[in-house]
Every structure is written in structure tokens, then in C-alpha cells.
Amino acid sequence: MTEPDPDSERTELARLRAEVRDLRARAVTHPLIAHAQGIVQERYALPDSDSAFALIRRASQQRNVRMHTLAEALVTLPRPDERAGLWFPRRTRTTEPPLTFPAARATGTGSRSAVLSAVLSQTLTVLQTSMGNVQIADRARGGLRLERHIGLSDEFVDFFAHVGAVGTSCGQAAVNVAQITVPDVATDPLFTDRAREMVLAEGSVSCHSVPLTTAGGLCVGMVSGHLDHLIAPLTAAETKALDVVGAEAGRWLAWHQRTVVVDALEHLHALGRSNGRR
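A quick note: this is a predicted structure, and the numbers were derived from the prediction, not measured. (Residues numbered from 1 in each chain as written. Predicted model: local features only at pLDDT ≥ 70, side-chain atom pairs only at ≥ 80, totals over all residues. Heavy atoms only, no water.)

## Digging into the pattern of salt bridges
To be explicit about the condition: A side-chain nitrogen of Lys or Arg and a carboxyl oxygen of Asp or Glu constitute a salt bridge if their distance falls within 4 Å. Secondary structure elements follow DSSP: runs of H or I no shorter than four residues count as helices, runs of E no shorter than two count as strands, and numbering proceeds from the N terminus. Burial here depends on accessible area, computed with a 1.4 Å probe over protein chains only, as a share of the maximum for the residue type. Under 20% is buried, over 50% is exposed, and the range in between is partly exposed.
All told, the structure shown has 10 salt bridges when counted by the stated rule. The partner of Asp263 in a salt bridge is Arg93, with the nearest N and O atoms 2.7 Å apart. Residue Asp263 is located in helix 9 (residues 236-276), and its partner Arg93 is located in the loop between helix 3 (67-76) and helix 4 (102-107); the two are separated by 170 residues in the primary sequence. A residue is classified by how much of its surface remains accessible, and Asp263, at 16% relative accessible area, is buried. Residue Arg112 is joined to Glu147 by a salt bridge in which the shortest nitrogen-to-oxygen separation is 2.8 Å. Note that Arg112 is positioned in helix 5 (residues 112-127) and Glu147 in strand 2 (residues 144-150), a separation of 35 residues in sequence. Residue Arg112 is classed as buried on the basis of its relative accessible area of 13%. Judged by its relative accessible area of 17%, Glu147 falls in the buried class. Three or more residues are tied together by salt bridges with common partners; here these are Arg66, Glu72, Arg112, Asp138, Arg141, Arg145 and Glu147.

## Examining empty space enclosed by the protein
The criterion, for reference: The method works on a 1 Å grid over the protein atoms by themselves. A cavity is a set of points holding a 1.4 Å probe that cannot get out, a pocket is an open set with protein on both sides within 12 Å along at least five of seven lines, and residues with an atom within 4 Å of a point line them. Grid points are joined across faces, edges and corners, and a volume is the space filled by probe spheres set on the points. Under this grouping Gly is polar, as are all residues other than the nonpolar Ala, Val, Leu, Ile, Met, Phe, Trp, Tyr, Cys and Pro and the charged Asp, Glu, Lys and Arg.
Scanning all chains against the criterion turns up 1 cavity of 30 Å³ or more. Approximately 120 Å³ is the volume attributed to the largest cavity. In terms of lining, the largest cavity is formed by 15 residues, of which the most central are Asn133, Phe156, Phe160, Cys170 and His226. Going through the elements one at a time, strand 1 (131-137), helix 7 (169-176), strand 5 (206-213) and strand 6 (219-227) are the ones with two or more residues in the lining of the largest cavity. Partitioned by chemical class, the residues of the lining of the largest cavity number 8 nonpolar, 7 polar and no charged.

## A few points about the sheet that holds strand 4 (residues 180-182)
Our working definition: One bridge is not enough; two strands pair if DSSP finds at least two bridges between them. Note on contacts: a residue pair is in contact if any heavy atoms of the two residues lie within 4.5 Å. Here the axes come from fitting lines to C-alpha atoms, over the contacting stretch only for helices, and the angles between their N-to-C directions go from 0 to 180 degrees.
As summarised here, the arrangement of the 6 strands in space is 3-2-1-6-5-4, forming an open sheet in which the pairing is antiparallel. Two strands in the sheet have a free side with no partner beyond their single neighbour: strand 3 (162-163) and strand 4. Direction of pairing for strand 1 relative to strand 6: antiparallel, over a ladder of 6 bridges. Residue pairing for strand 6: Gly132 is matched across the bridge by Gly225. Where helix 5 meets the sheet, it contacts strand 1, strand 2, strand 5 and strand 6, and its direction lies at approximately 70° from that of strand 2.

## Here we look at the nonpolar core
Definition in use: Among the buried residues, those of types Ala, Val, Leu, Ile, Met, Phe, Trp, Tyr and Cys that are joined through side-chain atoms within 4.5 Å form a nonpolar core.
Core analysis: the biggest nonpolar cluster contains 26 residues, and Phe101, Val119, Val134, Leu212, Val223 and Leu253 have the highest contact counts within it. For this core, the secondary-structure elements that each account for two or more residues are helix 4, helix 5, strand 1, strand 5, strand 6 and helix 9. Of the residues forming this core, the biggest block, 8 residues, is contributed by helix 5. With 24 residues, the next largest nonpolar core counts Ile33, Ala52, Ala71 and Leu271 among its residues.

## A word on helix 2 (residues 49-62)
Filter applied, for reference: Helix span is expected to be 1.5 Å times the residue number reduced by one. By arc we mean the arc of the directions from the helix axis to the C-beta atoms, nothing more. Counting of polar contacts relies on pairs of N or O atoms within 3.5 Å, with two restrictions inside protein: one atom must be capable of donating a hydrogen and the other of accepting it, and residues adjacent in sequence are counted only when both atoms are side-chain atoms.
With 14 residues, helix 2 should reach 20 Å at 1.5 Å per residue; the first-to-last C-alpha distance of 20 Å fits that figure. Along helix 2, the residues that are buried comprise Ala52, Leu55, Ile56, Ala59 and Ser60. The buried side chains of helix 2 occupy one side of the element, clustering within an arc of 135° when seen end-on. Exposed and facing more than 90 degrees away from the buried side of helix 2 are Asp50 and Gln61. By the N-cap criterion, in which a side-chain oxygen at the helix start approaches the backbone nitrogen of a residue two or three places on, helix 2 is capped by Asp48, the distance to Asp50 being 3.3 Å. In the stretch just after helix 2, Asn64 is the one whose phi turns positive, near 55°.

## So, the side chain of Glu202
Put simply, the test is: Residues scored as positive are Lys and Arg, those scored as negative are Asp and Glu, and His as well as the terminal groups of each chain are ignored.
With respect to the helices and strands, Glu202 occurs in the loop between helix 8 (193-201) and strand 5. Although Glu202 is buried, it forms no salt bridge, and the closest oppositely charged side chain is Arg194 at an N-O distance of 10 Å. Within polar-contact distance, the side chain of Glu202 engages the backbone nitrogen of Ser153 at 2.4 Å. Not counting residues up to four positions away in its chain, the partners in contact with Glu202 are Met131, Gly151, Leu152, Ser153 and Phe156.

## What about the packing of aromatic side chains?
Formally: Between the rings of Phe, Tyr and Trp (Trp by its six-membered ring), a pair exists once the centres lie within 6.5 Å; its type follows the angle of the planes, with under 30 degrees stacked, over 60 edge-to-face, and the other angles tilted.
On inspection of all chains with the given rule, the structure shows 4 aromatic pairs. A centroid spacing of 4.8 Å and a plane angle of 80° characterise the contact between Phe159 and Phe160, whose relative ring orientation is edge-to-face. Using a relative accessible area of 32% as the deciding quantity, one classes Phe159 as partly exposed. Among the aromatic residues, ring-to-ring pairing joins Phe156, Phe159 and Phe160 into one connected group.

In C-alpha cells form, the structure reads like this:
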């Protein structure tokens, strides 16, 4: 009888896990994309959903806006006036807000992806840890959607792909629109039992969450650091540094949404109207 090959078993297990992650990701994004496809197909009298998907993808690629972000805006923003050539004819353009914290100055901005990476890097530097993630407010479903992470397992990322207002420290920080420190994950009542198990299994003993806020005080995202030891109380300087990250990143994300994403929607609208006239 042939003995099982441990390497083959590990390879197969990794493949199956990757397949499950892919299926979960599709399950999360597919309803939103499908909804956006339906809107675009109806609005521009396109022959089928594939044509609508191609139009959204084209606008996404040409304006460097993630397809999920563009679909979310399509679903949540008011439809354009059919008589107007522009979707947002009366909007006012503003300049890109500056990011002054060290990680942003070191790496530059230029894109949403670069900004989120800088936000995570700066937060982990302040907290002196190598585990963390950035979440974005989910405009379509509510709650927070995980978008960037480092030092965290696939299982952790899958479990916390989307969180609501209760059951996690990041969800509570979004509700409070304030920084939250969890000195001891094992005993803190903020977590549900299952969420606590997942965090502890990651080797995270403590965590700290920082809301990303607009000038009006709206939480548009969250950055969190996870530590493998009990966290010491943050100093006033550390808290202030993280406040700066949260405020500057939140304002930048709000600007990106109302400028870069809206530019992409206008481009999609022009493409759709052109398609509809053919």
C-alpha cells in the first residue's frame, strides 16, 4: 500500500483553501457587480449583461478605479438626468488634500492603493507591530469591508472580509468614530466568541483601531494594528500621530470618492450614451 505523500497533501490543501477563498470573494462581489450591470444595461439600452460588464470594466481600467468601487458608486448614487449630457453637471471640483504623515511623504500618494498602503504602514510603525489591516466603509451594505492587510493569514482575512457594527473592536470604533484600544483580546467583551477565537488564533493578543474620518466627522474607513503582546497605553504623542493619519486619510478618501470616482462615472456615462446612440 502506497503511503500518502505529505507534500502532495499540503499542496492539495493549499489549492482547496485558495479555491474556497476565491469562491467567497466572488460571493461577496458578484451581487454588487450584477446589480451594477443591470443598472447600466437598462440605462443605456445595452443588448445584454455582458455588454454592461464590458462597459463598467472599460471605465474602471481607463480611469484607474477598482471595479468594485465603481460598481458601488453606480448602485448607491442617484441616477443621472436623462436630458443632461453630464451625470453631475453642478459639482465643484476641489484639489487633492495633502498627506503629511511620514509614510505618505516617503512613498508618495498618486493612487488610492498607495494611500491605503501608506496609512497601514504609518499605523503599524506607531504601534510597533507587523500585523494590521485597512477597511473601507461599505456604502452598499453598511459596515466595513477589508481592503488591505499585512502579516495576517488567509483565514483571518476571509473571516473579517466584512464586519458590521457589533462583535469587533473595529466595528465599535466606526460607531464611536474614535480610536479604540483592546488591551487584552481574550477578555474584552467587544468581541463575539467566534471573532475572538479568530483574532487569538492569529497570535494577536491586543489591538488598536483608528477611524479614517472626513472633515464633517464621518467614518469612511478604519485602520487597525494587531500586537502579539499586551499593548501598553498609548502616549499622547502616539494618539495624536494616529489622529493625524485618520483625519488626513479620511479627507483624502472623501476627495477621491467625489472627484476620481465621480470622474470615472462621468466617463462611463459618456461611453454609455455613445453606445446607446449607435
